[in-house]
Amino acid sequence: MITPNGMTRMSDDKDQNGGNGGSGGPGTTVVAKPRTKTKKPAMYKVLMLNDDYTPMEFVVHVLERFFQKNRDEANRIMLHVHRRGVGVCGVFTYEVAETKVTQVMDLARQNQHPLQCTIEKE
């Protein structure tokens, strides 16, 4: 109840600790919301495909620039792609993986290379 001077006071119907006027007493119902567990997002591998035309140095540059690989790791991945036909550049959430594929493909086209990248669910 609000008094004429604007202050709030407890109802006089019951005492503060019991009855309907107080909190936590008989007649009070607490509804607990069930907590939903958040799931980890699905992860996707960014795969680079080999071709006979894209220079090896360009592939190394792409791995360093878009996948933050150091020179040695970029060379190792590039040689794996060259020898096996496909290699994993990194594992990311769907949106990040799609963005990286687009960045790689755009740079390859700008430099007139047929380099192909794709994603695959892990």
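Structure shown above.
A. Quick peek at helix 3 (residues 94–110). Under the 1.5 Å per step criterion, the end-to-end length of helix 3 is 24 Å for 17 residues, consistent within 8% with the ideal 24 Å. Within helix 3, burial applies to Ala97, Lys100, Val101, Val104, Met105, Leu107 and Ala108. The arc that holds every buried residue of helix 3, seen down its axis, measures 165°, which confines them to one face. Across from the buried face of helix 3, at angles greater than 90 degrees, the exposed residues are Glu95 and Gln110. Those residues of helix 3 that are buried are in contact with strand 1 (43–49), helix 1 (56–67), strand 2 (86–93) and strand 3 (116–121). Trailing helix 3 by a residue or two, Gln112 shows a phi angle of about 55°, which is positive.

B. Representation of unusual backbone geometry within the structure. One non-glycine residue, Gln68, lies in the positive phi region at around 50°. Inspection of the secondary structure puts Gln68 in the loop between helix 1 and helix 2 (71–84). Note on Gln68: relative accessible area 59%, which makes it exposed. Positive phi, close to 55°, is recorded for Gln112, a residue that is not glycine. Looking at where Gln112 falls in the secondary structure, it is placed in the loop between helix 3 and strand 3. Classification of Gln112 as exposed rests on a relative accessible area of 74%.

C. Highlighting the pattern of salt bridges. By the definition in use, this model includes five salt bridges. In the salt-bridge network here, residues are joined through shared partners; they are Glu57, Glu64 and Arg71.

Rules and cut-offs
- Residues numbered from 1 in each chain as written.
- Predicted model: local features only at pLDDT ≥ 70, side-chain atom pairs only at ≥ 80, totals over all residues.
- Heavy atoms only, no water.
- Helix = DSSP H or I, 4+ residues; strand = E, 2+ residues; numbered from the N terminus.
- Expected span 1.5 Å × (residues − 1).
- Buried < 20%, exposed > 50% of the residue type's maximum accessible area, 1.4 Å probe, protein only.
- Arc of directions from axis to C-beta.
- Contact = heavy atoms within 4.5 Å.
- Salt bridge = Lys/Arg side-chain N within 4 Å of Asp/Glu carboxyl O.

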